[in-house]
Amino acid sequence: MMGTVRQLAAEVERGLREAHPTLRKTVITKVALVVGAMLEARTPNTVELAHLLPLDTERQDLREQWRRRLLKNPLLSGAALLEPWVRHALAAAGRNGQTVVLSLDQTDLGERFAVLMLGLVVGDRVLPRAWAVEAGPANLGFDRQRTLLEYVRDGLPAGVEVLLLADRFYPSTALLEWLHRQGWHYRLRLKSNLSVDPGFGDIVTTGDLATGYTERGLPDVCLFGGGVPTNLGILHEVGHPEPWIIAMDCVPTRAAVRDYGRRWSIEPMFSDFKSRGFDLEATPLRAPDRLDRLLVIMALAMHGCVRVGQEEARERPNPLEKKRKRRRIRTLGPLESSPAAPSLGLSAVFDCSGDDCKCNNPYPPSIASARR
């Protein structure tokens, strides 16, 4: 098993060296080893990860000390380590005038941690772009949201169009005003109890405007008691207990309301982090900064798996993929086809560990070249 981890780590290290030529060699080597162990074990249990590390010692306590020092290292920054791959993904997302789609959402790890995530929608999935971690069942407000949004904004290719998707726990006066200043497109789901000035009659709630309608468009309304101008699109489909009440920057149409459906791409990503993938909820960590650095390791593994899964689907398609009909390119969204789930990418990574490997490095030098 350690031999497999060593082979995976060697591939990861090669890509990290190409992408980060100025980063300290020891940091690159250590990060590559932990990413390799994460790909092999898919566990947040740092003791298990330490046991898999191919270190020149048989003592478990020394392995755990090595792991603890790494998770305390401030150089293990998600912003710095993920930057080359994220820039590559953003450039691909905005290619040929396509709209870069971002999804904002939060997940909780029981009562111990709250993780606010801003991710890039790639086909039917989301890749982690930036996140914030707080201890306890916190509701991370606009101050933390703004930090993530501004960080991502500063890394966008020049002139690219952006669409932000967010669930009904996030819209606020501050968020909408920020989006208006940036000139970003948005589809934000709203709660049914928000005050709205529809431009006729009295101030009502968003729920009042949706009552009795299966489809409705309301341009030029003001949310939060008349303070923030926006447009509302309402869609209540058969079989759904609640309507979608969507704030948007454009003329409210059925198609514009349906754009919000792409927000669900972030749910498979959370599943990959949690029950279906790395089992993050089982982490024994207690400090938010340690969890933040563990997320860096998982995000590096996830980016690599998704990329290898994409390469695998293109270079060695299975019979169903060979017969798949070509679909029309979507107006919104960075890619025509969705990337493979991490499980497929992980299978491709393990295929690479043999001598007859034919698939690409999960952290290919071409990304570093594109960055330069």
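Because the structure is predicted, anything quoted here is derived from the model rather than measured. (Residues numbered from 1 in each chain as written. Predicted model: local features only at pLDDT ≥ 70, side-chain atom pairs only at ≥ 80, totals over all residues. Heavy atoms only, no water.)

Averaged over the protein chain, the pLDDT score is 80; the fraction of residues at 70 or greater is 82%. When the criterion is pLDDT under 50, residues 327-372 qualifies, and its contacts beyond four places in sequence or with other chains add up to 106 contacts. (pLDDT = per-residue confidence, 0-100. Contact = heavy atoms within 4.5 Å.)

Another aspect to go through is the nonpolar core. Counting residues in hydrophobic clusters, the biggest one holds 105 residues, and the most contacted among them are Val31, Leu102, Trp131, Leu164, Trp184 and Leu188. Of the residues forming this core, the biggest block, 12 residues, is contributed by helix α11 (residues 288-315). Not counting residues within four places of it along the chain, the set of residues in contact with Leu188 comprises Leu164, Ala166, Pro171, Leu175, Leu176, Leu179, Ile245, Ile246 and Ala247. Listed in part, the 6 residues of the second largest apolar core include Ile246, Met248, Val257 and Tyr260. (Core = buried A, V, L, I, M, F, W, Y, C linked by side-chain atoms within 4.5 Å. Buried < 20%, exposed > 50% of the residue type's maximum accessible area, 1.4 Å probe, protein only. Helix = DSSP H or I, 4+ residues; strand = E, 2+ residues; numbered from the N terminus.)

All told, the structure shown has 20 salt bridges when counted by the stated rule. Of the charged contacts in the structure, one is a salt bridge between Glu267 and Arg263, with a shortest N-O distance of 3.5 Å. On the accessibility criterion, Glu267 (31% relative accessible area) is partly exposed. Taking the shortest distance from any N to any O, the salt bridge between Arg276 and Asp272 comes out at 3.0 Å. For Arg276, a relative accessible area of 52% translates into the label exposed. Here Asp272 falls in the buried class, since its relative accessible area comes to 5%. Sharing partners across several salt bridges, the network here consists of Glu215, Glu237, Arg254 and Arg258. (Salt bridge = Lys/Arg side-chain N within 4 Å of Asp/Glu carboxyl O.)

Examined against the element boundaries, Gly261 turns out to sit in the loop between α9 (254-258) and α10 (266-273). As a C-alpha pair, Gly261 and Trp244 span 17 residues in sequence and 9.8 Å in three-dimensional space.

Positive phi is not limited to glycine here, since Asn96 has a value of about 60 degrees. Assignment of secondary structure puts Asn96 in the loop between α5 (78-93) and β1 (100-109). A relative accessible area of 73% means that Asn96 is categorised as exposed. Not every positive phi belongs to a glycine, and Asp220 is a case in point at roughly 55 degrees. Relative accessible area serves as the criterion here: at 64%, Asp220 is assigned to the exposed category.

This paragraph deals with α10. For α10, the set of buried residues is Ile266, Met269, Phe270, Asp272 and Phe273. Considered in projection along α10, the buried side chains sweep an arc of 155 degrees and stay on one side of the axis. (Arc of directions from axis to C-beta.)

Along the chain, Glu83 turns up in helix α5. A distance of 2.8 Å separates a polar atom in the side chain of Glu83 from a polar atom in the side chain of Tyr151. (Polar contact = N/O pair within 3.5 Å; in protein donor to acceptor, adjacent residues only side chain to side chain.)

Turning our attention to the packing of helix α6 (residues 142-154) against helix α7 (residues 173-182). The description of two packed helices rests on the angle between their axes and on the distance between the axes. Their axes nearest at 11 Å, the elements α6 and α7 cross at an angle of 15 degrees. When the interaxial angle is binned, α6 and α7 end up roughly parallel. Like other packed secondary-structure pairs, α6 and α7 cross with a definite hand, here right-handed. Here Phe142, Gln145, Arg146, Leu149, Glu150 and Arg153 of α6 lie close against α7, whose contacting residues are Ala174, Leu175, Trp178 and Gln182. In the contact of α6 with α7, the residues fall into 5 nonpolar, 2 polar and 3 charged. (Axes fitted to C-alpha atoms, helices over the stretch in contact; angles between N-to-C directions. Parallel < 35°, antiparallel > 145°, perpendicular 65-115°, else oblique. Left-handed = near helix turned anticlockwise from the far one by under 90°. Nonpolar A, V, L, I, M, F, W, Y, C, P; charged D, E, K, R; others polar.)

This brings us to the pairing of strand β8 (residues 215-223). Note: strand β6 (residues 195-197) against β8, 2 bridges, orientation antiparallel. Note that in β8 the partner of Asp197 across the bridge is Cys222. The pairing of β8 with strand β9 (residues 228-235) spans 7 bridges and is classified as antiparallel. The residue of β9 that forms the bridge with Val221 is Thr230. (Pairing = 2+ DSSP bridges.)

This next bit is on the pairing of strand β10 (residues 244-248). Every other side chain in a regular strand lies on the same face of the sheet, so the side chains alternate between the two faces. For β10, a buried count of 4 out of 5 residues is recorded, marking the element as mostly surrounded by other parts of the structure. The pairing of strand β5 (residues 185-189) with β10 spans 3 bridges and is antiparallel. Bridging across to β10, Arg189 finds its partner in Ile246. In this sheet, β10 lies alongside β9 in antiparallel orientation, the contact comprising 5 bridges. Of the residues in β10, the one forming a bridge with Ile234 is Ile245.

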